[in-house]
Amino acid sequence: MKIPLNWLRDYVALNLPVAELAERLTIAGLEVSGVRLLGLPAPDGLRVKSEDVGPVWARDKIFVGQVMSVAPHPDADRLKLPTVAYGEGRSIAMVTGAPNLKVGDVGQKVILALSGAVLFDGHATPKALKELKPGKIRGVPSEAMVCSSYELGIDEEHEGIILLEDDAPVGAPLADFMGDVVLELEVTPNLARAQSLIGVAREVAALTGAELKLPPHAPQATGGPVAGLVKVEIEDPKLCARYAAVLLQTVKVGPAPGWMQRRLTYAGMRPINNVVDVTNYVMLEWGQPLHAFDYDVLVRRAGNQPPTVIVRAARSGELLKTLDGQERKLTPDMLVIADTAGPIALAGVMGGAETEVSEQTTTILLESANFDFLNIRRTMKALNLPSEASVRFSKGIHPELVRPAAERAAELMRQHAEATVCQGIIDNYPAPLSEKVIDLPMAEVKRLLGIDIPIDECARLLKTLEFKVEQSGPDTLKVIEPPHRLDLQEGRADLIEDLIRLYGYHRLPATLLADRLPPQATTPPVALEERVRDVLVDVGLQETITYALTTPDKEKPLGLPAREYVTLLNPVSSERSVMRQSVLASVLDIAAANLRHTDDVRLFEIGAVYLPRPDAKLPDEPRRVAIVLCGKRYRDFWTDAGKTTAEPLNFFDLKGAIEALVAALHLPEVTYRPATVPYLHPGKAAELVVKGLSVGHFGEMHPKVAEAYELGQRCVLAAELDLEAIRTLAPARHRGSAVPRFPAALRDVAVIVTESIPADRVEQEIRAGGAELLRHVKLFDLYRGDSIPASLKSLAYALTYQADDRTLTDKEVDRAHKKIEDRLKHMLKAQIRGKE
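Let us look at the structure shown here.

Each value, and the rule that gives it
Residues numbered from 1 in each chain as written. Predicted model: local features only at pLDDT ≥ 70, side-chain atom pairs only at ≥ 80, totals over all residues. Heavy atoms only, no water. Helix = DSSP H or I, 4+ residues; strand = E, 2+ residues; numbered from the N terminus. Buried < 20%, exposed > 50% of the residue type's maximum accessible area, 1.4 Å probe, protein only. Contact = heavy atoms within 4.5 Å. Areas by Shrake-Rupley, 256 points an atom, 1.4 Å probe, with all protein chains shown as cover. Lys, Arg positive; Asp, Glu negative; His and termini not counted. Charge placed at Lys NZ, Arg CZ, Asp CG, Glu CD. Axes fitted to C-alpha atoms, helices over the stretch in contact; angles between N-to-C directions. Parallel < 35°, antiparallel > 145°, perpendicular 65-115°, else oblique. Left-handed = near helix turned anticlockwise from the far one by under 90°. Nonpolar A, V, L, I, M, F, W, Y, C, P; charged D, E, K, R; others polar. Arc of directions from axis to C-beta. Pairing = 2+ DSSP bridges. Phe/Tyr/Trp six-rings, centres within 6.5 Å; stacked < 30°, edge-to-face > 60°. Lys NZ or Arg CZ within 6 Å of the ring centre and 35° of its normal.

**Some words on the overall build of the chain**
Step number 1: Across its full length, the chain holds 22 helices and 41 strands.
Step number 2: A principal-axis box enclosing the C-alpha atoms of the chain has dimensions of 120 × 85 × 60 Å.
Step number 3: Out of the 836 residues belonging to the chain, those deemed buried represent 49%.
Step number 4: Pairs at least 24 apart in sequence give 68% of the contacts found in the chain among residues at least 6 apart.
Step number 5: Put simply, the chain shows about 42500 Å² of open surface, and 51% of that area lies on carbon and sulfur atoms.
Step number 6: Looking at the chain, you have 99 positive and 113 negative side-chain charges, and the mean spots of the two groups are 5 Å apart.

Structure, rendered in structure tokens:
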């Protein structure tokens, strides 16, 4: 929430420097997440983000001015030559193209910037500050300018200049007239009462000891009695605790006063007209949303009879065209404001278009009501209609705010829309909330905080927050909740939280645990995941963490087995409606987003998938690891320097990462075999098998699947492995081997085999033939060429022979090598290159 400090000063004196005020609010739970400066330099000690720093409105360069005359430009139809006074005996002529300043105009109050002023350049991209310098525009000298909101850094509007109210003080420095500091507060749900200027003022008053000043809100009612002109009915007080209505006649819809428009703009709202602006102003001031209906439309809908406003649940099939022009289909779990002809507004969310206040409106029915926060929250989410009003309602508002907000808005409309306020107010409050009384023993304060706060100090602190406090025993306070608080659900604990917020968290002493720490125990599943994470990072991959919430359409291209999804009853958005069944789909989304800005991604994620179980309430949540690679192979060797382009990553780069993972986890009896997977390219997909059990698939993405994830025509490599299965197969301990004492003997063997024989099969036969002397086997070459028939291929392996107790002789190595060659010829009908 944005809090302009000049507006906040209406309700509480700000006796602290801005930096100290921001720190006190943050420590008390109202985090100041940002500070926006409007025309003022940064206060001492205050950190301000660079994007929130605008031009400083120099007191000797930027003034409130008044147009004395506007003459035509002699050489350009769209340009004008205004003369602007900015103090007694001071005026200056300039050139402007402002569309809302016309030849012949006189008397308008404007903002004048003289040469040397620093403003945002309206023509610069990106946005940049620029010093105003004298110059000639189409041959006419110009040493000043009249300013728009954009140039002053107020907002992005620069189609016209700012026209100030008639009573703006000519010659006053603009920094004094319009300069402000705006605090941006992060209001947590437990402090929803502070989502208003008065709510924040209450906190400031409690923190600083200043007096809270509430604005007068009793309207001057000079119209006829409201009785008989409108009725209000509430069908379910649980959904609508209170509904108040004020009738205003002779309303003249027009612009709101300039000071009100500025305050709304600084607080992040767009001014519209005096009626709408007053409702928004009071909402920001009191925290109570309001809505204005065109009363004459209600009368017409009621057959020219006094209307009856009915607060009820929507009926199945009812339709309502809302203020945004959309026709909404309503459901019975939505609360509506209706009359005898049907719905006229979505309660607490948005008004209806038919009863909207327009320039022709002269009579207004002003609504101030209190609605069930859960119902408003559900409706807001179901229709995806967040607004300032619905956000406030969805966090809970006390019914006691209904009447003062309605009266305050009525008086402001009397002052600024020439409204005649009818006598009396329709106030339907069927079940007033009773005061909540809480006994607070000092022993409970000591138990929760660990410190003693004197009972008199506790009473004083609570009184600053407008609690009624009296001592009911030697060490007990009787505390009565103020009429604007709804958050004291835990009673004593909530009171103690308020106490320590005001007393100061920094006054809590640091203490050590008065016991020994429990012995640490390893959690095997977590340890395994950490090991997997370390290995994948070591081979050059980067970890991602994504949402477990998705939509079925996001996973549909993967061709997963058909099963029901775990569906959220109240999703945060349409893009997060079900629990995922594939981690790979999440990583592919991240890869696609990154590939818009780079040509290389190497990503992995470890996370759960959610598979419904028909015989259980909760789903199965197995852990998975997904990998996505796309890009060029790194140039690892100095001999690659002469190459013009790096080679793209391929199937074997992904297989190498998986082999590194298999080796690090010491998985036993690992084999790889061809696989058919819906989302992988036929012939370029493999299955990882451990002890005969499939634990995942990997390979090159099918082009159509890659296109579905907006990955383009790139070669994308993907894998998804079952960590639960791997965990059951990975040994808890593995046997290490000593560093060899005797040297190894190296030999190569190149064999020609048919294309149908995989390299893995050849390696198995080599190992079987080498017996106890063969230590390592490495495939280092694959050759297909003119010297070999098309149905054959040549595979070359590097073999390492070694013994633990002696240095092998050449004869021993020759015998072992010959045995391997004979086995290859016998078992695979292989040819030994160079010997046949």
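More follows now that the structure is in view.
**A closer look at the packing of helix 6 (residues 258–266) against helix 7 (residues 274–286)**
Step number 1: Relative to each other, helix 6 and helix 7 sit at 55°, their axes nearing to 10 Å. By the criterion of interaxial angle, the relationship of helix 6 to helix 7 is oblique. Both helix 6 and helix 7 take part in a crossing whose hand is left-handed. Side by side, helix 6 and helix 7 meet where Trp259, Met260, Gln261, Arg263 and Leu264 of the first sit next to Asp277, Val278, Asn280, Tyr281 and Leu284 of the second.
Step number 2: Considered class by class, the residues forming the contact of helix 6 with helix 7 number six nonpolar, two polar and two charged.

**As for helix 12 (residues 442–449)**
Step number 1: Within the sequence span of helix 12, burial applies to Met442, Glu444, Val445 and Leu449. Down the axis of helix 12, the smallest arc covering the buried residues is 155°, so these residues share one side. In helix 12, those exposed residues whose orientation departs by more than 90 degrees from the buried face are Ala443 and Arg447.

**Section: the sheet that holds strand 14 (residues 231–234)**
Step number 1: In space, the five strands of this open sheet follow the order 14-17-20-21-22, with mixed pairing throughout. Two strands lie at the open edges of the sheet, namely strand 14 and strand 22 (350–351), each paired on one side alone.
Step number 2: Bridge count for strand 21 (residues 342–346) against strand 22 is two bridges, and the pairing is antiparallel. Residue Ala345 lies in a different strand from strand 22, and its bridge partner there is Gly351.

**Quick notes on the packing of helix 21 (residues 759–770) against helix 22 (residues 810–828)**
Packed helices, taken two at a time, are described by the angle their axes make and the gap between the axes.
Step number 1: Direction vectors running N to C along helix 21 and helix 22 enclose 135°, while the axes themselves pass 8 Å from each other. Here helix 21 lies oblique to helix 22, going by the angle between them. Note on packing geometry: the crossing formed by helix 21 with helix 22 is right-handed. Only Lys819, Ile820, Arg823, Leu824, Met827 and Leu828 of helix 22 make contact with helix 21, whose side of the interface consists of Arg761, Val762, Glu765, Ile766, Ala768, Gly769 and Gly770.
Step number 2: For the contact of helix 21 with helix 22, the per-class residue count stands at seven nonpolar, two polar and four charged.

**Digging into the packing of aromatic side chains**
Step number 1: Summed over all chains, the structure comprises eight aromatic pairs.
Step number 2: Between Phe651 and Phe652, the aromatic rings sit 5.3 Å apart at their centres with planes inclined by 85°, giving edge-to-face as the arrangement.
Step number 3: What makes Phe652 exposed here is its relative accessible area of 60%.
Step number 4: The ring centre of Tyr672 lies 4.4 Å from the NZ or CZ of Lys655, which sits over that ring.

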